[in-house]
Amino acid sequence: MKNYPLIKFVILLFPGIILAESLTESDFVKYFQANALVIIPVVVIFMVLLYELSRKNFITGNLLIMVIVPFTAFLYTSLRTDSVAYYPFETSRIRDSETFGVIESMELPGENRWDMIIRVDSVKFNDNIYRNKIDLLLKINTGNTDINSPIPLYDSFSIGDRIKAIGMIQKARERRNPFEYDFNKYINSKGISALLYVKSFENIYIIENTGLNYSKVQYRLRSSVARLIESLFNRETQALVKGLLLADRKGIDYDTRESFVNAGVIHVLAVSGLHVGFITLIFLFLFSRLNIRVRIMLTILGLWFFVFLTGSPTSVVRASLMASMLLLGYLSIRKYNALNAVSLSALIILIWDPHQLFDPGFQLSFSAVISILILYPLIKKAIDNTRIDSKLFRSAAVFFAVSFSAQLGTLPFTLTYFHKLSIIAILANLVVIPLIGIIVPLAITSIFFASTLGFPAQYYAAVTDFCSGILFEIVDAAGSWDYSFILIPQFSMVDGAIYFTALFFILLLKKLMVNKLAILSASLLIAINAFIWMEIDNKDLLPDNLLSVVMIDIGQGDSFLIKFPDGSVALIDAGEATKKFDNGERVIEPLLNNLDIKKIDMGFVSHVDGDHYGGYIYLLEENHVRKIFKPELDNARKNDVEFEDVIKRNGVPIEYYHKDIMEIGNSRIYVLNNSDNYYSDSNDKSGILKIYYGDYSFLFMGDAGTKVENDLCDIYDEFLKSNILKVGHHGSNTSSSMSFLNKVKPEIALISAGQFNKFGHPSERVMQRLRKINTSICRTDLDKAVILQTDGEELWYREWK
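So, here is what we can say about the structure in this document. Not measured: the values here are computed from a predicted model.

Cut-offs applied
- Residues numbered from 1 in each chain as written.
- Predicted model: local features only at pLDDT ≥ 70, side-chain atom pairs only at ≥ 80, totals over all residues.
- Heavy atoms only, no water.
- Helix = DSSP H or I, 4+ residues; strand = E, 2+ residues; numbered from the N terminus.
- Rg over C-alpha atoms; globule rule 2.2 N^0.38 Å.
- Buried < 20%, exposed > 50% of the residue type's maximum accessible area, 1.4 Å probe, protein only.
- Contact = heavy atoms within 4.5 Å.
- Areas by Shrake-Rupley, 256 points an atom, 1.4 Å probe, with all protein chains shown as cover.
- Pairing = 2+ DSSP bridges.
- Axes fitted to C-alpha atoms, helices over the stretch in contact; angles between N-to-C directions.
- Patch = residues over 30% accessible without salt bridge, like charges linked within 9 Å, V, L, I, M, F, W, Y side chains within 5 Å.
- Salt bridge = Lys/Arg side-chain N within 4 Å of Asp/Glu carboxyl O.
- Polar contact = N/O pair within 3.5 Å; in protein donor to acceptor, adjacent residues only side chain to side chain.
- Core = buried A, V, L, I, M, F, W, Y, C linked by side-chain atoms within 4.5 Å.
- Parallel < 35°, antiparallel > 145°, perpendicular 65-115°, else oblique.
- Nonpolar A, V, L, I, M, F, W, Y, C, P; charged D, E, K, R; others polar.
- Left-handed = near helix turned anticlockwise from the far one by under 90°.
- Phe/Tyr/Trp six-rings, centres within 6.5 Å; stacked < 30°, edge-to-face > 60°.
- Lys NZ or Arg CZ within 6 Å of the ring centre and 35° of its normal.
- Lys, Arg positive; Asp, Glu negative; His and termini not counted.

Here we take up the overall build of the chain. Across its full length, the chain carries 25 helices and 24 strands. Relative to the 2.2 N^0.38 estimate, which gives 28 Å for 801 residues, the radius of gyration of the chain is 30 Å and therefore close to what a compact globule would have. Considering the chain as a whole, with its 801 residues, one finds that 50% of them fall into the buried category. Contacts in the chain between residues at least 24 apart in sequence constitute 70% of all its contacts with a sequence separation of at least 6. For the chain, the accessible surface area stands at approximately 39800 Å², while carbon and sulfur atoms represent 59% of it.

As structure tokens, this is what we get:
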């Protein structure tokens, strides 16, 4: 590593930055920030003493570096760290607020929304005035606003303008279920306190316009290019080209992103080294007839124009710094060291903002390039030793070596963020990367002609659309294949650190040992140990030999995951599914994956209302369910007929509710529905289930109303007594009569209701009835997901947050 001093230096910065970040809110960091002017001189004196000791050989120079560099990074990061933002208001939602502030940044407009960050100085609401400075993420519902109109409303606003916005302030979504993404924590880490929703442009007023500045020029250029893209390409290609050239990926929908993740090619959607490489080649080609110095200088200028156009994301800045150094090194006829260059780029970025270390883009970019530079020569040497002369083989092998090296380096980060190991990534990249290499210059040519000559642009755009269509078809086919990826649940940054440590020692073995069999044996031993240690921080949230009941927070609806002591799994309802958000896909499937649950053995649909069965459609189509239990088919209801078609099309057996007892290991499920009673209301047809395990019982009421409750009281009387009651109809006043509650006598009531739901669930009357009988109440709208577990003798809440 003597030839690569910078990479050692940069890596030593990491522990200092990480420590400072982890102690952001600690008293120590706050004290240091408050007394920095006094403390820093003492620290400098201490470092000078260490240096003098090293000169007298009391301590080695390397040891000195290992102490000073992380410590300096810690101090520097602490000084650069602001307090984490927080939600400052007492209520989670404030309607009809008047917010005054200055626009700090603006995203490019989307199809139905436009986001910007505003630095707020005052908020008026409910006769109160909040005057502290905070940042809010302003989300404007643009509706049917014509982005392509001659003078779009978007051009009325500029970064630096002082505005007044009338809308609803809301706390961002927190982690509401185990393993879920915490959006509130994310925006707080970015210095944003809350969201501000505005219905339309009519609710925003410009108080004061700002003059021309760098940010305004950059935004207007990006906005103009975005409009050209929208006028040239079809919907899919628009989203792709905006992502590739403007680093604006909001137009790429969830399903498309998942296909790219599954196929192992998600990196092509993040503007980084690959795209900078394409842009560099384009500029070198365009200026090929010029003097070499002019050619290189113009190419560097073109690269930094690309940085400007993309909005200056870290990944593009890093890649452009590296490319610029490479070109300048060639120009000065000096030996270029790529590893030192990428390390210098990382160093510059971390000095500019130490918190970039925690940015996924920085992590993926840095790890990919370092891995290629270290591992590619080793793999290339092995390829050369094969002595195969075929040019086609060698070309494919070189591409394989680069792709495989990059994947080895980025693997811990892709597993941490996506929890998927793509099996076909290398093959997919063989096709996808060349296609991106065709699409980028075609798109640029289309935009150039559209902004100058005009007429040839449509032909280039048509070819771009065609190539884009092929790309999406290939990625969709690769990503939707059943065996395209392996799920790796609960992979964490700790596991990543173990992975990199193991990789380091394996590479060290190759350098220190000669015998190939010994290297292979030792490497295998290191890998096995790494896998064992990676299990340390895994959470077994639903262990065997217990009855676990998870009230999943799926918003306004019901969904309960039940794991029986014998390992069998049941799901009672799956929430709603809309075009914008499918609970089956976005909430339940990720939860099952993280819990390592392969199949739902029993899928209970309490009744066929959208907020109960909607999420099941996705789960059925993805082959997650072995058997469905539901009310008898009602041919008069279209949604019931269509739902049964989905069930049968996927080959899943159906059983209709009838009075029954199911033995599940040493627990039981009682189906309490009485086929002699007819109910016309869909809610009253709900499956009524009672689960027994040892001394504890759970009663699930679906959306059944008081009529059903009265019938159950007449038929089952004391048998209704249960420790835990899933309250009927989300706590609506149409259920949970006092007479019924007196029969059940629940110790705990579970209520699944959406936060801020428009129905007013749960009813205050129902709450009063439950309090009257001293029942503890758990609500998803207030408590998020709730896990109850019992061994048959005792019952407890399982913490997951």
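To continue, consider the sheet that holds strand S16 (residues 660–664). Spatial strand order, S16-S17-S18-S19-S20-S21-S22: seven strands in an open sheet with mixed pairing. A single partner strand is all that each edge strand has here, and the edge strands are S16 and strand S22 (776–779). The sheet shows a mean angle of 15° between the axes of neighbouring strands, taken without regard to direction. Relative to strand S19 (residues 696–700), strand S18 (residues 689–693) runs antiparallel, the two being bridged by five bridges.

Below, the discussion takes up the sheet that holds strand S14 (residues 628–630). Sheet strands pair by backbone hydrogen bonding; their relative direction is either parallel or antiparallel. The mixed open sheet is built from eight strands, whose spatial order is S15-S14-S13-S12-S11-S10-S23-S24. On the outer flanks of this sheet lie strand S15 (654–656) and strand S24 (795–797), each paired with one strand and no other. Neighbouring strand axes in the sheet, compared pairwise and without regard to direction, differ in orientation by 20° on average. Along the sheet, helix H20 (residues 610–621) makes contact with strand S12 (569–572), strand S13 (602–604) and S14, crossing S12 at roughly 145°. Its contacts with the sheet place helix H21 (residues 638–649) against S14 and S15, and it is angled at close to 160° to S14.

On to a nonpolar patch on the surface. On the surface, Leu524, Ile528, Ile532, Trp533 and Ile536 cluster together into a nonpolar patch covering about 560 Å² of accessible area. Counting through the fold element by element, Trp533 comes out in helix H18 (residues 516–534).

With that out of the way, let us pick up the side chain of Ser484. In this fold, Ser484 is placed in the loop between helix H16 (457–480) and strand S9 (485–487). A relative accessible area of 0% places Ser484 in the buried class. Among the polar contacts made by the side chain of Ser484, one reaches the main-chain carbonyl oxygen of Ala478 at a distance of 3.5 Å. At 3.0 Å, the side chain of Ser484 and the backbone oxygen of Trp481 are in polar contact. Contacts of Ser484, omitting those with residues within four sequence positions, involve Asn262, Leu421, Ser422, Ile423, Ile424, Ala478 and Gly479.

Take unusual backbone geometry next. Residues His761 and Pro762 are joined by a peptide bond in cis, for which omega reads -5°. Positioned with a positive phi, Phe179 is a non-glycine residue whose angle comes to about 70°. As for its position among the elements, Phe179 is in the loop between strand S5 (162–170) and helix H5 (183–189). Since its relative accessible area comes to 30%, Phe179 is described here as partly exposed. For Ala247, which is not a glycine, the phi torsion comes out positive at approximately 55°.

Moving on to the pairing of strand S10 (residues 547–551). The buried fraction of S10 amounts to five of the five residues, a majority that puts the element mostly inside the structure. Covered by surrounding structure in S10 are Leu547, Val549 and Met551 together with Ser548 and Val550, the residues of both alternating faces. Pairing of S10 with strand S23 (residues 786–790), which is carried by five bridges, proceeds in the antiparallel orientation. Within the sheet, the bridge partner assigned to Ser548 lies in S23 and is Gln789.

For helix H8 (residues 254–263), every residue scored as buried is listed here: Thr256, Ser259, Phe260, Val261, Asn262 and Ala263. Residues of H8 that are buried make contact with helix H14 (391–418), strand S8 (420–422), helix H15 (425–451), H16 and S9. The N-cap residue of H8 is Asp253: its side-chain oxygen and the backbone nitrogen of Asp255 are 3.2 Å apart. Looking one or two residues past H8, Gly264 carries a phi angle of roughly 75°, positive in sign.

By size, the foremost hydrophobic cluster in this structure holds 106 residues, and its most contacted members are Phe89, Ile118, Leu138, Ile169 and Leu471. Take this core: its biggest share by element is eleven residues, from H15. When residues no more than four places from it in sequence are discounted, the contact partners of Leu471 are Leu240, Phe260, Val432, Leu435, Ile436 and Ile439. Ranked by size, the runner-up nonpolar core spans 32 residues in total, among them Leu595, Tyr618, Leu619 and Phe643.

Attention now moves to the packing of helix H10 (residues 292–310) against helix H11 (residues 314–331). Their axes nearest at 10 Å, the elements H10 and H11 cross at an angle of 175°. As summarised for this structure, H10 and H11 are arranged roughly antiparallel, according to the angle between their axes. Of the residues in H11, those in contact with Ile292, Arg293, Ile296, Met297, Thr299, Ile300, Leu303, Trp304, Phe306, Val307 and Thr310 of H10 are Val316, Val317, Ser320, Leu321, Ala323, Ser324, Leu327, Leu328, Tyr330 and Leu331. Here the contact of H10 with H11 is composed, by residue class, of 16 nonpolar, four polar and one charged.

A few words now on the packing of H11 against helix H13 (residues 360–384). Packing of H11 against H13 leaves a shortest axis separation of 8 Å and a crossing angle of 30°. By the angle between their axes, H11 is roughly parallel relative to H13. Between H11 and H13 lies a crossing whose hand is right-handed. Judged by residue contacts, Thr314, Ser315, Arg318 and Met322 of H11 engage Phe362, Ser365 and Val369 from H13. Tallied by class, the residues present in the contact of H11 with H13 amount to three nonpolar, three polar and one charged.

This model, assessed by the stated rule, comprises 28 aromatic pairs. With a centroid separation of 5.5 Å and 75° between ring planes, the pair formed by Phe504 and Phe505 is classed as edge-to-face. Phe505 sits in the partly exposed class, given a relative accessible area of 41%. On the numbers, 5.5 Å between centres and 75° between planes, the contact of Phe560 with Phe700 is edge-to-face. Here Phe700 lies in strand S19 and Phe560 lies in strand S11 (residues 560–563), a separation of 140 residues in the sequence. Judged by relative accessible area, which is 3%, Phe700 ranks as buried. One cation-aromatic arrangement involves Arg586 over Tyr254; the distance from NZ or CZ to the ring centre is 3.9 Å. Between Lys690 and the ring centre of Phe719, over which it is positioned, the NZ or CZ distance is 4.4 Å.

Note that Glu585 resides in helix H19 (residues 583–594). Among buried Asp, Glu, Lys and Arg side chains, Glu585 stands out as unpaired, with Arg586 the closest opposite charge at 5.8 Å. Discounting residues that sit within four places of it in the chain, Glu585 has contacts with Tyr254, Asp255, Pro590 and Tyr618.

Looking at the element boundaries, Ala450 is found in helix H15. C-alpha of Ala450 to C-alpha of Tyr460: the two residues are ten residues apart in sequence and 9.9 Å apart in space. Apart from the residues lying within four places of it in its own chain, the contact partners of Ala450 are Leu228, Leu232 and Ala457.

Attention shifts here to the pattern of salt bridges. Summed over the entire model, instances satisfying the criterion amount to 29 salt bridges. Here Glu644 ties to Lys630 by a salt bridge, and the two come within 2.9 Å at their closest N and O atoms. With Glu644 in helix H21 and Lys630 in strand S14, this residue pair connects regions lying 14 residues apart in the sequence. Classification of Glu644 by relative accessible area gives buried; the value is 1%. The buried category is assigned to Lys630, whose relative accessible area is 0%. A salt bridge links Glu644 to Lys648; the shortest N-O distance between them is 3.7 Å. With Glu644 and Lys648 both in helix H21, this residue pair falls four residues apart, about one helical turn. Looking at Lys648, the relative accessible area reads 54%, which means it is exposed. Through salt bridges with shared partners, a single network forms among Lys630, Asp640, Glu644 and Lys648.

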